[in-house]
Structure formats: structure tokens, C-alpha cells
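What follows is each chain in one-letter form.
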Number of protein chains: 2
Amino acid sequence: MKEEFKLDNQLCFRLYTASRLMTQAYHPLLSEHGLTYPQYLVLLVLWEADAQPVNDIAHKLYLETNTVTPLLQRMEKEGILIRQRGQKDARQMIVSLTRKGWDLQKKLADVPFKVGGAVLCDSVTPETAPTLYKMLNDIISKLKND
Amino acid sequence: MKEEFKLDNQLCFRLYTASRLMTQAYHPLLSEHGLTYPQYLVLLVLWEADAQPVNDIAHKLYLETNTVTPLLQRMEKEGILIRQRGQKDARQMIVSLTRKGWDLQKKLADVPFKVGGAVLCDSVTPETAPTLYKMLNDIISKLKND
DNA sequence: TACTTTTGTATCGTAAACGATATAAAACAA
DNA sequence: TTGTTTTATATCGTTTACGATACAAAAGTA
């Protein structure tokens, strides 16, 4: 068995697993408010800057619009946000938070701390986290081609 | 805007993005052979040890059987593997590679190198990769509760 | 043995992801 | 202005993920 084929040596598999397990860690905190993790990411984007076109949201999340559009439609149906045609450019759909969307910010205030604490371990601490962040950022930068 | 709500500060978002982009990097190499990334992971598991029950495969991939079962059914339909009821325990489904499944190992021999090379950058090198591996492993260990 | 619980897989429903394609508005070019 | 290309979003089909549930075989218990 060649070393490079061993599951334990696969960087991608570790990223894939760590990502899924972290998302699962968010699940109980988010489902309590009827949210999924990708929907939470959309909220993070809109809390930083409200009233953005679909394209900007998708770009910030490194997702395609064909992923984001249905996601936003579901969130609109839940009354978390509204989608309106742009006035300057009628092709754009401007996404804005409703009162309910803003209220969620207060309700989810403790989520980052709870999840942050859940991953602390020997090798990942407040001191070493920046190293991990930088590595992940560099991988993302290297792989995204736009 | 609170710092902990900023997208850039979210470890999970970086893992999620890095994982998706790495999977996308595999895509052209795998789709050429009619495979998806999770199907490739199943092959990695079976190449290490053929003829395993569904449960063992799922466990090694940190996935649930309700994810793995349909995935294996599709791979069986493609003639990559076969699923047979266990003889000692009739509840088990023993998954074994076909000739076609083993042949893929040779055809995919260059995949780990191609993808490995695609992520090399300033902070992720053959020297620093073990640090990243350890951090991801520790996060996985911390989050999996079994 | 008969009954209960556990275990291994499968089925179902929903929500991502994402390649491929469609469509209308805007930008550009002839 | 008319025709072409680009852009922003949406729709469609397929494959994960995963919670909830179903079901039969095995294990444990009375």
C-alpha cells in the first residue's frame, strides 16, 4: 500500500472531516433558531453589511449563485430577509435583513464563544490558532482562481 | 460589529471553504473516471482493506451509514464494488472491490501528487504540513464523540 | 423458549453544493 | 439604433450529508 494513498495522509480528508464535525457542533445552537450553518454564514455577511446583491454574498462565501439563491429563497420564506430587484441595475437582487434577521444577532451572540471553546485542545489554542488560520487562508488563496 | 461575528474570524468558515475548494481541486481528476470525492474516499478505505462491512467504512470516514449506503449503491451500479450479506452476521453488508475497483488504483496513482502540489504555498510546505495535520486531527478528536 | 433490547442497514425528507443551462437586463459594438 | 456579448440571477438534475424512522437479525434476559 503506497503511503500517499493512506487515508491518514490525506490533507483533504482531514479538512473535510474537521469541517463537517465543526458544522455539526454548530447544529444544536443554530437549529434551535431554525437555522442551518450556511444560513448562519449568510447572516454573518449581512450583519457586516446589509442590503447586498446575491453576487456579493456568494463571492464572500466562495459559493456559486446557484447555491446561494435557493438558500436565500428559503431564508426569505422564513422571514429572515427580503430580496428586491435593484433599482440601478434590474438584474441584481438586493438582499436585506428584516427585523427578524437583525434580532437573530442578539439571540446568537454566544454561538462563537461556545463553538470556539469546543475546539480548544493541545495543539489549537488562542496562541496557535493564528498559525492554523494563516495556513487555511493560504490554501484557500492558492486554490481559488478568480 | 463584534469581532467574533466577523467572517474572517470564523475558524469553521475557513475549514468549510478550504475543504470545498480542495474537493473542487480533485474534481477534474476524479470525474475523468466517473468518480466523486466521497466515492474516492471509499476507494481509499477499500484499497487499504477489502471486504469490509458498511459500518466499518462509515466509521473510518466519520460518516453515518445513511450517507454511505446510497453512495455504495451507486458505486455498485457502476460496477466498482459489490455488496453481499455477511455469512456470520446476516445484518452486515460486506463491501468488496471488483476488478474495476482495483484497476482504478493504478489509474488514480498520480492524484495524491497532483493535489498535494496544488496546495503548496508559503505557510504549507512538506515541513509545516505535519503541524497542520496535527491541528486538524486534534480538532477532529475533540469534536467526535463516540 | 419467549420477550426485549441492541445492532446493522436501509429508507425518507430536507438542505446544501455544483455543473449545466436558461433568461432577462445591461453593456458594448457595428 | 440594431445586433452581439457580457453579466446577474434563476432553474434543473445529481450527489452528498444528516436527522428521523423503519426493519430484520442478533444478542441479551426472564
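Up top is the structure.
Residues numbered from 1 in each chain as written. Chains lettered and ligands numbered in written order. Predicted model: local features only at pLDDT ≥ 70, side-chain atom pairs only at ≥ 80, totals over all residues. Heavy atoms only, no water.

Residues and elements named next belong to chain A. In space, the 3 strands of this open sheet follow the order E1-E3-E2, with antiparallel pairing throughout. Of all strands in the sheet, those with a lone pairing partner are strand E1 (52-53) and strand E2 (81-85), marking the two edges. By the bridge criterion, 5 bridges tie E2 to strand E3 (residues 93-97) in an arrangement that is antiparallel. Within E3, the residue paired with Gln-84 across the bridge is Ile-94. The strands touched by helix H2 (residues 37-48) within the sheet are E1, E2 and E3, with E3 carrying the most contacts at an inclination of about 90°. Across the sheet, helix H4 (residues 65-77) is in contact with E2 and E3; its angle to E2 comes to roughly 120°. (Pairing = 2+ DSSP bridges. Helix = DSSP H or I, 4+ residues; strand = E, 2+ residues; numbered from the N terminus. Contact = heavy atoms within 4.5 Å. Axes fitted to C-alpha atoms, helices over the stretch in contact; angles between N-to-C directions.)

In this section: the protein's contact with DNA strand C. Among the 27 residues in the neighbourhood of DNA strand C, the closest are listed as Thr36(A), Tyr16(B), Arg20(B), Gln24(B) and Arg83(B). One of the side-chain N or O atoms of Arg74(A) is found 2.7 Å from a sugar or linking oxygen in DNA strand C. A distance of 2.4 Å separates a phosphate oxygen of DNA strand C from a polar atom in the side chain of Tyr16(B). Looking at the surface near DNA strand C, the elements that each hand over two or more residues are H2 and H4 of chain A together with helix H1 (11-31), helix H3 (54-60) and helix H4 (65-77) of chain B. Of the residues assigned to the surface near DNA strand C, the class counts are 8 nonpolar, 12 polar and 7 charged. (Near = heavy atom within 4 Å. Polar contact = N/O pair within 3.5 Å; in protein donor to acceptor, adjacent residues only side chain to side chain. Nonpolar A, V, L, I, M, F, W, Y, C, P; charged D, E, K, R; others polar.)

A few words on the pairing of E3(A). All names here are of chain A. For E3, the buried fraction is high: 5 of the 5 residues fall into the buried class. Residues Met-93, Val-95 and Leu-97 line one face of E3 and the alternating positions Ile-94 and Ser-96 line the opposite face, and both faces are buried. Looking at chain direction, E1 and E3 are connected through 2 bridges and run antiparallel. Within the sheet, the bridge partner assigned to Pro-53 lies in E3 and is Ile-94. (Buried < 20%, exposed > 50% of the residue type's maximum accessible area, 1.4 Å probe, protein only.)

Once that is clear, we can look at the packing of aromatic side chains. As enumerated under the stated definition, the model contains 12 aromatic pairs over all chains in all. Here Tyr16(A) and Tyr37(B) contribute two aromatic rings whose centre-to-centre distance is 5.8 Å and whose plane-to-plane angle is 80°, an arrangement assigned as edge-to-face. One end of the pair, Tyr16(A), is in helix H1 (residues 11-31); the other, Tyr37(B), is in helix H2 (residues 37-48), on a second chain. Both rings, one in Tyr26(A) and one in Tyr37(A), keep their centres 4.9 Å apart while their planes meet at 45°; by these two values the pair is tilted. Taken together, the positions of Tyr26(A) in helix H1 and Tyr37(A) in helix H2 put the pair 11 residues apart, joining distant regions of the chain. The pair formed by Tyr26(A) and Tyr37(A) is uniform in burial state, with each residue classed as buried. Aromatic ring contacts, followed pair by pair, group Phe13(A), Tyr16(A), Tyr26(B), Tyr37(B), Tyr40(B) and Tyr62(B) into a single cluster. Sitting over the ring of Tyr16(A), Arg20(A) keeps its end group 5.0 Å from the ring centre. (Phe/Tyr/Trp six-rings, centres within 6.5 Å; stacked < 30°, edge-to-face > 60°. Lys NZ or Arg CZ within 6 Å of the ring centre and 35° of its normal.)

Turning our eyes to something else, we now look at the interface of chain B and chain A. Opposite the 62 residues of chain B that make contact, chain A presents 62 residues. Both faces considered, chain B and chain A share a buried interface measuring about 6,000 Å² in area, 74% of it formed by carbon and sulfur atoms. At the surface where chain B touches chain A, the tally comes to 0 salt bridges. Those elements giving two or more residues to the side of chain B that touches chain A turn out to be H1, H2, helix H6 (111-119) and helix H7 (129-143) of chain B. When residues of the side of chain B that touches chain A are assigned to their parent elements, the largest contribution, 15 residues, is made by H1(B). Its residues assigned to classes, the side of chain B that touches chain A comprises 38 nonpolar, 11 polar and 13 charged. (Buried area = accessible area lost by both parts, 1.4 Å probe. Salt bridge = Lys/Arg side-chain N within 4 Å of Asp/Glu carboxyl O.)

Glancing now at unusual backbone geometry. For Ala51(A), which is not glycine, the phi torsion reads 60° and is therefore positive. A relative accessible area of 41% places Ala51(A) in the partly exposed class.

A complete count under the given rule lists 0 disulfides over all chains for this structure. Cys12(B) supplies the cysteine sulfur nearest to Cys121(A), a cysteine that is in no disulfide, at a spacing of 15 Å. The exposure class of Cys121(A) is buried, given its relative accessible area of 18%. (Disulfide = S-S within 2.5 Å.)

Right, let's get into the side chain of Ser123(A). Residue placement: Ser123(A) occurs in the loop between helix H6 (111-119) and helix H7 (129-143). The contacts of Ser123(A), once residues within four sequence positions are left out, are Thr128(A), Lys134(B), Met135(B) and Asp138(B).

Not every one of the 27 residues close to DNA strand D is listed here, only the nearest: Tyr16(A), Arg20(A), Gln24(A), Asn55(A) and Arg83(A). When the atoms of DNA strand D within 4 Å of the protein are sorted by group, sugar and phosphate make up 73%. Contacts to DNA strand D include Val54(A), whose backbone N or O atom sits 3.3 Å from a phosphate oxygen. Within the backbone of Asn55(A), a nitrogen or oxygen atom sits 2.7 Å from a phosphate oxygen of DNA strand D. If you list the elements that add at least two residues to the surface near DNA strand D, you get H1, helix H3 (54-60) and H4 of chain A together with H2 and H4 of chain B.

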